[in-house]
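Okay, here's what each chain looks like letter by letter:
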Amino acid sequence: MSKLFYRSTRGTDNRIESSRAIVRGIATDGGLYVPEAVPQIDLSMGSLAQMDYTELALYIMSKFLTDFKEEELKYCIEKAYDKKFDDPRIAPLVEKGGAFFLELFHGPTLAFKDMALSIMPYLLKIAADKNSIDKEIVILTATSGDTGKAALEGFAGVEGTKIIVFYPRNGVSKIQERQMTTQAGDNTYAVAIEGNFDDAQRGVKEIFSDREFNGILNKSGYILSSANSINIGRLVPQVVYYVYAYLNLRKSGKIKSNEVINIVVPTGNFGNILAAYYSKKMGLPVGKLICASNENNVLYDFINTGVYDRKRRLIVTSSPSMDILVSSNLERLLYDISGSNADIINNLIGDLDKKGEFKITGDMKDRMVDFYGGFATDKETFETIKYVFFKFNYLIDTHTAVGYNVYQKYIQVTGDRSKTVIASTASPFEFPGSVAKAIDEKYAGMDDFSLLEVISEISGLKVPEAVKGLERRKILHNTVCMETQMEDVITDILGL
Ligand SMILES: *Cc1c(COP(=O)(O)O)cnc(C)c1O
């Protein structure tokens, strides 16, 4: 197979092999790595439809990660997609309410981040060996909740790595927080930030670009890497499930050969929907990519006007994993629609930094026709959970509800009835407070932990192992800091 190289969206860090891109996470010029060309899938291959999740993962990932040997990828895939997932199909597709919910929450932390973060530590280990890195890898991650626990879980106990997660102190659910603060493993650290997700993300980005600090780390035998969705080691595994969903629809006769499907993605940092976009670029017959936002509807405005404006207050919503004003992965789409023009990207990002907004050209906007942007208010999100439950007897979480709500609006506006896959990004057990309240006001104010049983009764599903008895687990992490103190905290943890 021919080699695939990666280049930075900012233009000065090019011809990078996949393993190096995974080790670095972010490009040396501050940009994001993108494949020089998106590999193609051969959908006429009869064997594709017969593949199980792990076989398909090997097929797709080997096209992107061309400097990994087949045995290496197989090893990573088998380590990742095993009994940790409580459904042997890994990402089951469930038909309800006139749509197909792609349930991406069957992993160890109940949210879709597990799909990539259960494999990324293994990819990273092998990638580090390939690049003769003898330093200990320190994973630095900002999280709006789900990345943090999935990354802690994924990296816990992985030799030669340490993982430090920064989360907004008042921006994650009780369940999420407890999952992080009780995380076992000698190499895991969860730190609360006095601020929101964007503060945490900006802080992490600054640390990555602080040369002096990185020099000190290197001298002490450490090297920084990222588990955020900007790492291609996260992006690539996410492409797999969209192809899987499509093949599933084909195999079950729900769609005809070459019938176009739409994909709805509840979106925050733009990673998951970007993976869907890449699946389309690989040749999957995808029509619209429906980007669903909550009240932090920066992307909705951007898709509709071409102006990205982050100058607004971040609103804490019932779908906290999408409470984001600066969607990092959008840079990859911008690069694509600019015709791979790094100068344009540098200007846009410069505008965003300096003026808090940027505007794309008409040509670029025209190249975004595949995207449809919508948003749901918190009130609509709660109504949607209730509606879907009472009408279709299916309990969805707040993030997925944002997706379903926007999908309904999309149908109303366009009349487009193409078969549609909705990325179902979290289990209702992850946000029991909001979900139970949506079903019946009488649950309002009850604590998340007692509500797990309520969710179990309502849905008829067992409380997943991931959260069972969570309130009784021992709290192992309790550091709190300001955005300006993040480097000090790292210095402390690593004993520099
Ligand atoms: C992270 C997350 C999202 C947003 O995904 P992005 O790739 O950041 O757009 C949506 N829902 C849930 C439950 C998440 O954890």
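Calculation criteria
Residues numbered from 1 in each chain as written. Predicted model: local features only at pLDDT ≥ 70, side-chain atom pairs only at ≥ 80, totals over all residues. Heavy atoms only, no water. Pairing = 2+ DSSP bridges. Helix = DSSP H or I, 4+ residues; strand = E, 2+ residues; numbered from the N terminus. Axes fitted to C-alpha atoms, helices over the stretch in contact; angles between N-to-C directions. Contact = heavy atoms within 4.5 Å. Near = heavy atom within 4 Å. Polar contact = N/O pair within 3.5 Å; in protein donor to acceptor, adjacent residues only side chain to side chain. Areas by Shrake-Rupley, 256 points an atom, 1.4 Å probe, with all protein chains shown as cover. Nonpolar A, V, L, I, M, F, W, Y, C, P; charged D, E, K, R; others polar. Salt bridge = Lys/Arg side-chain N within 4 Å of Asp/Glu carboxyl O. Buried < 20%, exposed > 50% of the residue type's maximum accessible area, 1.4 Å probe, protein only. Core = buried A, V, L, I, M, F, W, Y, C linked by side-chain atoms within 4.5 Å. Lys, Arg positive; Asp, Glu negative; His and termini not counted. Parallel < 35°, antiparallel > 145°, perpendicular 65-115°, else oblique. Left-handed = near helix turned anticlockwise from the far one by under 90°.

## Some points on the sheet that holds strand β14 (residues 371-375)
One open sheet holds the six strands; their spatial order is β4-β5-β15-β10-β11-β14, and the pairing between them is mixed. What marks the edges here is a single partner per strand, and that holds for β4 (93-96) and β14. Pairwise comparison of adjacent strand axes, ignoring direction, gives a mean angle of 25° for this sheet. Across the sheet, helix α11 (residues 271-281) lies against β10 (261-266), β11 (286-293), β14 and β15 (420-424), angled at about 175° from β11, the strand it touches most.

## What about the site of the ligand?
Lys113, Asp146, Gly268, Asn269 and Asn272 are the nearest of the 15 residues found near the ligand. Lys113 is positioned such that a nitrogen or oxygen atom in its side chain is 2.6 Å from an oxygen atom of the ligand. One of the backbone N or O atoms of Gly271 is found 3.2 Å from an oxygen atom in the ligand. In isolation the ligand exposes 380 Å². Once the protein is present, 98% of that is buried. In terms of residue class, the shell around the ligand is made up of five nonpolar, eight polar and two charged.

## A few points about the pairing of β4
In this sheet, strand β5 (residues 99-103) lies alongside β4 in antiparallel orientation, the contact comprising four bridges. Among the inter-strand pairings, Leu93 is bridged to a residue of β5, identified as Leu102.

## A short note on the pattern of salt bridges
According to the stated counting rule, one finds 29 salt bridges in the structure shown. For Asp301, the salt bridge goes to Arg312, with nearest N and O atoms at 3.0 Å. Within this pair, whereas Asp301 is found in helix α12 (residues 298-305), its partner Arg312 is found in the loop between β12 (307-309) and α13 (330-337), the two being separated by eleven residues in sequence. Given a relative accessible area of 29%, Arg312 falls into the partly exposed group. Because the salt bridges share partners, they merge into one network encompassing Lys69, Glu72 and Lys130.

## Here's the deal with unusual backbone geometry
A positive phi angle, near 70°, is found at Leu110, a position not held by glycine. Relative to the assigned elements, Leu110 resides in the loop between β5 and α4 (113-117). In this structure, Asn258 takes a positive phi of about 65° despite not being glycine. Summarising the element assignment, Asn258 is placed in the loop between α10 (232-251) and β10.

## Focus on the environment of Ser18
Topologically, Ser18 is positioned in helix α1 (residues 18-24). Expressed as a C-alpha distance, the spacing of Ser18 and Phe5, which sit 13 residues apart in the sequence, is 6.7 Å. Filtering out sequence-adjacent residues up to four positions away, Ser18 remains in contact with Tyr6, Phe64, Leu65, Thr66, Asp67, Phe68 and Ile232.

## Comments concerning the nonpolar core
Counting 113 residues, the largest nonpolar core has Leu56, Ile60, Leu65, Tyr242 and Leu334 as its most contacted members. Of all the elements, α10 adds the most residues to this core, at 13 residues. Excluding its chain neighbours within four sequence positions, the residues that come into contact with Ile60 are Ile41, Val239, Val240, Val243 and Met282. Residues Phe101, Leu395, Ile411 and Val467 belong to the second largest nonpolar core, which totals 42 residues.

## Re the side chain of His399
Topologically, His399 is positioned in helix α17 (residues 398-414). Within polar-contact distance, the side chain of His399 engages the side chain of Thr398 at 3.3 Å. His399 has contacts with Pro266, Ser318, Ser319, Pro320, Ser321, Met322, Thr425, Ala426 and Phe431, leaving out every residue within four places of it along the chain.

## Some thoughts on the side chain of Arg234
Its location among the elements puts Arg234 in helix α10. Put simply, Arg234 is tucked away with no salt bridge, and the nearest opposite charge, on Asp146, sits 8.9 Å away. Not counting residues within four places of it along the chain, the set of residues in contact with Arg234 comprises Lys113, Ala116, Leu117, Met120, Thr147, Ala227, Asn228 and Ser229.

## Concerning the packing of helix α6 (residues 146-155) against helix α7 (residues 174-181)
Running from N to C, α6 and α7 point in directions that differ by 25°, and their axes come no closer than 9 Å. Classified by the angle between their axes, α6 and α7 sit roughly parallel to one another. Like other packed secondary-structure pairs, α6 and α7 cross with a definite hand, here left-handed. Residue-level inspection shows Asp146, Gly148, Lys149 and Leu152 of α6 in contact with α7, the latter providing Gln176, Gln179 and Met180. Its residues assigned to classes, the contact of α6 with α7 comprises two nonpolar, three polar and two charged.

## Notes on the sheet that holds strand β9 (residues 222-226)
Taken in spatial order, the five strands line up as β9-β6-β7-β8-β16 in an open sheet, and their pairing is parallel. Every interior strand has two partners, whereas the edge strands, β9 and β16 (479-481), have only one. Across the sheet, the mean angle separating the axes of adjacent strands is 25° when strand polarity is ignored. Where strand β8 (residues 188-193) and β16 come together, three bridges link them in parallel fashion. Along β16, the bridge assignment pairs Val191 with Thr479. Set on the sheet, helix α20 (residues 486-494) makes contact with β6 (136-142), β7 (161-168), β8, β9 and β16; between it and β7 the angle comes to about 150°.

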